[in-house]
Protein chains: 2
Amino acid sequence: MTWLDLAEHTAFGLDNLPYGVFSRPGDTRRRAGVAVGDQVLDLSAATEDTALAPLFGAGVLNPFLAAGRPVWREVRARVREWLTGKQHADRIAPHLVARDEVTTHLPIEVADYVDFYSSEQHALNAGRILLGAEGELAPNWKRLPVGYHGRAGTVVVSGTPVTRPSGQRKPRGAAEPSFGPSRLLDIEAEVGFVVGTPSTVGTPVPVDDFAEHVFGMCLVNDWSARDIQGWESQPLGPFLGKSFATSMSAWIVPLEALEHARVAPPVQDPEPFDYLRGREPWGIDLALEIRLNGHLVSSPPFATQYWTGAQQLAHLTVNGASLRTGDLYASGTVTGPEREQRGSLLELSWGGREPFDLPGGETRKFLLDGDEVVISGTAPGPDGTRVGFGDVRGRVLPAI
Amino acid sequence: MTWLDLAEHTAFGLDNLPYGVFSRPGDTRRRAGVAVGDQVLDLSAATEDTALAPLFGAGVLNPFLAAGRPVWREVRARVREWLTGKQHADRIAPHLVARDEVTTHLPIEVADYVDFYSSEQHALNAGRILLGAEGELAPNWKRLPVGYHGRAGTVVVSGTPVTRPSGQRKPRGAAEPSFGPSRLLDIEAEVGFVVGTPSTVGTPVPVDDFAEHVFGMCLVNDWSARDIQGWESQPLGPFLGKSFATSMSAWIVPLEALEHARVAPPVQDPEPFDYLRGREPWGIDLALEIRLNGHLVSSPPFATQYWTGAQQLAHLTVNGASLRTGDLYASGTVTGPEREQRGSLLELSWGGREPFDLPGGETRKFLLDGDEVVISGTAPGPDGTRVGFGDVRGRVLPAI
């Protein structure tokens, strides 16, 4: 099917073809690329003297994303053609680089970043951990996809180290808050949606227009400082407990690669309002894995998310708020019904009350300095293949 | 003092010189400008063949803002020289345009937008309106400047109409939420701070470095849909109740114009943490006025704000979050101790329970379609003069 030397069961085959931004060794120029097998196709170089050149010359994917769905389809078709047609091999082969030799960069200029809260199990767990057995879903939770804006300027690419934040926190039982490094540093395994086509302010985006606006998906680690968050968040929500860093994958999987991953979301009850009801179901079957220092600690299933990416987009814009190219929104922590499916250390350690085991005799509640977290994921592809998402990794550095 | 024909008591004299972006009649090009008297100095044209040209050629002020405090000082000194030295008149006069003939545009590309909540009276009023007589300041309020991220992409320039948002809301007493146009559309008179010099992620900005990073100030109307906000905001804070629109002045007053407006903020008790304590007080005496359809309804005094802009900046970055050129942060609703000093209709009408009067027999609780709100303000300048802020105005359009 391809003249490339692709491993048989690669999750980065011709049915995937995620986009990213990279630089070659010894060259700081940022280039658009497509990951294929264990290589990267330098799209900036491959399109250099063609009509597609302006889309891939910016050092970020935004011009390509802004061009809209017909162009995304056309480019995808061309790239597949280049990688399948033997007649292209001579021209294209020099534009392939080994993936482990490149440096990846933040693939998009992030416009606005929104974080949702759309896993029912996560919301239940968080409520119970914080409020005890009475903790239950807030009355609005099954009516609207609860969300908030995060800090676009501190979204970083996978591989960027994360410095333990300092701030005010007030431990349970303390009379007064104190200032210092966060002691409850956590992760949140989430799925990100990247907007390409903008929308007009004042005009909500219909839920069925999801695929016209959203270019693709990635993984997100919504690093969280639970103690800082707990002290600051009444009444206006999370702020510094989140804004120190948010990591995204280097590779964005186009929606077109996820046709075989589409599933119905869980039954929604009560029935959502009209603007949240679409003709097509946009649940996505995406199997996440969280590794802490190389050890698999959890396998959150994204298919269990209550609110879909399409519903989140419709909700985000229903008040007339506009979308911009490069908007990123994340699903909220992905947590399934089982213990080994929890998407945060808050839940895995049940608020620190039930430290979980790591191989070698260690236990963990929250992150320690030096810990490295890797969130990875694959979705079903055609014919029993898997479509791999670029993982999102980060190591914790000590507080300054 | 100047060869210009300036009105004697102009609030846009040589001690002000705010920056903005405008276009001339019949010409779509966006130019950097300085407002002086009833004119605008076309800075893009005046610097065209000079070393300053790259700072003012972008259609937004960001390159100038990114250049840092020494450059802001130098440009200010040069502009003052051009407007005072008779020898410059022939060259500069052709670059002056009547202010009422130009179209102003969003003066900055907004990077991240943060909203604070730093008026004690406003927070008390809001608490009492929502929770009754027991409503009091949350335990964290006097420990840290409470804030949250808003939507940068829907910050619009003064003059932009605002469409009444639709969304889910659940009126008091209703069993279920319903969907429709907001019935409780409101304003919030706030003061904005515009960041020029960026900072490095992981490195908090010291409170005493405020004037190195913040270029200047403006006015902000944080339009709010109280019913949408009320239903959505537990537990993650305001979202769609805010993100449909936020308006900012067309003119940004440089900090250097506000030397005579510096005051000590109110006494802070308990004593703030070290990172919030600076050597210099950054309270600002700025007298705001809110007009509804031309009628003065309130005169909020900014000097009463509990947390200063410098403390807000230090808090925003204390967890290592970085600043970018074009970051905008707003003070929170400015409300003083008196009834005629309240910065929102929520407070002016006490949650709709005490409609307030407008001349001509009308009363108001919240905004009606067609209402126009203008927030203006002046600060003390040298020798009894006033420094005028560009007002921020908007008219409410009916829900689509």
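Just so you know, these numbers come straight off a predicted model, no measurement behind them. (Residues numbered from 1 in each chain as written. Chains lettered and ligands numbered in written order. Predicted model: local features only at pLDDT ≥ 70, side-chain atom pairs only at ≥ 80, totals over all residues. Heavy atoms only, no water.)

Draft legend 1. How the structure looks around the pairing of strand β2 (residues 31–36) of chain A. Residues and elements named next belong to chain A. Along β2, six of the six residues are buried, which leaves the element largely enclosed by surrounding structure. Because side chains alternate across β2, one face comprises the buried residues Arg31, Gly33 and Ala35, and the other comprises Ala32, Val34 and Val36, equally buried. Pairing of strand β1 (residues 19–23) with β2, which is carried by four bridges, proceeds in the antiparallel orientation. In the sheet register, Val21 faces β2, and the bridge partner there is Ala32. Direction of pairing for β2 relative to strand β3 (residues 39–42): antiparallel, over a ladder of four bridges. Within β3, the residue paired with Val34 across the bridge is Leu41. Linkage of β2 to β3, two consecutive antiparallel strands, is achieved through a turn of two residues, within which Gly37 is found at a positive phi near 60 degrees. (Buried < 20%, exposed > 50% of the residue type's maximum accessible area, 1.4 Å probe, protein only. Helix = DSSP H or I, 4+ residues; strand = E, 2+ residues; numbered from the N terminus. Pairing = 2+ DSSP bridges.)

Draft legend 2. Layout of the domain arrangement of chain A. Residue and element names in this part refer to chain A. Domain boundaries in chain A define domain 1 (19–105) and domain 2 (113–397). For domain 1 and domain 2, the distance between their C-alpha centroids amounts to 29 Å. Listed as interface residues are 20 residues of domain 1 and, on the opposing side, 18 residues of domain 2. Of the roughly 1600 Å² buried where domain 1 meets domain 2, counting both sides, 65% is carbon and sulfur surface. Inspection of the region where domain 1 meets domain 2 yields one salt bridge. Inspection of the region where domain 1 meets domain 2 yields two residue pairs in polar contact (both at pLDDT 80 or more). Tallied by class, the residues present in the side of domain 1 that touches domain 2 amount to ten nonpolar, six polar and four charged. (Domains from an automatic or database assignment. Contact = heavy atoms within 4.5 Å. Buried area = accessible area lost by both parts, 1.4 Å probe. Salt bridge = Lys/Arg side-chain N within 4 Å of Asp/Glu carboxyl O. Polar contact = N/O pair within 3.5 Å; in protein donor to acceptor, adjacent residues only side chain to side chain. Nonpolar A, V, L, I, M, F, W, Y, C, P; charged D, E, K, R; others polar.)

Draft legend 3. View of the nonpolar core. Residues Met217, Leu286 and Tyr329 of chain A together with Met217, Leu286 and Tyr329 of chain B are the most contacted members of the largest nonpolar core, which totals 152 residues. Those residues within four positions of Tyr329 of chain B in sequence are excluded, and the remaining contacts are Val114, Phe116, Val191, Gly192, Phe193, Val195, Phe210, Val214, Gly309, Gln312, Leu313 and Leu316 of chain B. (Core = buried A, V, L, I, M, F, W, Y, C linked by side-chain atoms within 4.5 Å.)

Draft legend 4. Representation of the environment of Gly351 of chain B in the model. All names here are of chain B. Tracing the backbone shows Gly351 in the loop between α10 (345–348) and β23 (356–357). Classification of Gly351 as partly exposed rests on a relative accessible area of 27%. Separated by 225 residues in sequence, Gly351 and Ala126 have C-alpha atoms that sit 8.6 Å apart. Residues in contact with Gly351, not counting those within four places in the same chain, are Ile129, Leu346 and Phe366.

Draft legend 5. Layout of the packing of aromatic side chains. Within the structure shown, the criterion is met by 30 aromatic pairs over all chains. Ring centres of Phe179 of chain A and Phe273 of chain B lie 6.5 Å apart, and the angle between their planes is 45 degrees; this geometry places the pair in the tilted category. You can see Phe179 of chain A sitting in strand β11 (residues 178–181) and its partner Phe273 of chain B sitting in the loop between β18 (262–263) and β19 (283–284), one on each of two chains. Given a relative accessible area of 35%, Phe179 of chain A falls into the partly exposed group. Geometrically, the ring pair formed by Phe193 of chain B and Phe210 of chain B is edge-to-face, given 5.9 Å between the ring centres and 70 degrees between the ring planes. Here Phe210 of chain B lies in helix α6 (residues 210–213) and Phe193 of chain B lies in strand β13 (residues 189–195), a separation of 17 residues in the sequence. (Phe/Tyr/Trp six-rings, centres within 6.5 Å; stacked < 30°, edge-to-face > 60°.)

Draft legend 6. Structural detail: the interface of chain B and chain A. Contacts between chain B and chain A engage 56 residues on the former and 56 residues on the latter. Here chain B meets chain A over a buried area of about 5000 Å², counting both sides, of which 59% is carbon and sulfur. Considering only the side of chain B, the residues that lose the most area to chain A are Arg151, Leu236 and Phe239 of chain B, jointly responsible for 16% of the buried surface there. Of the charged contacts, one joins Asp327 of chain A and Arg151 of chain B as a salt bridge, the two residues approaching to 2.9 Å between their closest N and O atoms. In this assembly, chain B and chain A are joined by 26 residue pairs in polar contact (both at pLDDT 80 or more). Where the side of chain B that touches chain A is concerned, the elements lending two or more residues are β6 (113–116), β7 (147–149), β10 (166–169), β11 (178–181), α7 (226–232), α8 (240–243) and α9 (309–317) of chain B. Taken together, the residues of the side of chain B that touches chain A sort by class into 31 nonpolar, 17 polar and eight charged.

Draft legend 7. Quick peek at the UniProt feature "domain: Fumarylacetoacetase-like C-terminal" (unreviewed entry) in chain A. According to UniProt, the feature "domain: Fumarylacetoacetase-like C-terminal" (unreviewed entry) maps to residues 115–396 of chain A in the numbering used here. End C-alpha to end C-alpha, residues 115–396 of chain A measures 22 Å, and it is 14% helix and 29% strand. (UniProt positions renumbered as here; feature names shortened; annotations may be inferred.)

Draft legend 8. Just the pattern of salt bridges, in detail. Scanning the model with the defined rule gives 54 salt bridges over all chains in all. Note that Arg277 of chain A and Asp274 of chain A form a salt bridge whose closest N and O atoms lie 3.2 Å from each other. By relative accessible area, Asp274 of chain A is classed as exposed at 58%. One salt bridge in this structure joins Arg31 of chain B and Asp27 of chain B, with 2.9 Å as the shortest N-O distance. For the pair shown, Arg31 of chain B and Asp27 of chain B are each scored as buried. Here the residues in one salt-bridge network are Arg24, Asp27, Arg29, Arg31 and Asp42 of chain A, joined through shared partners.

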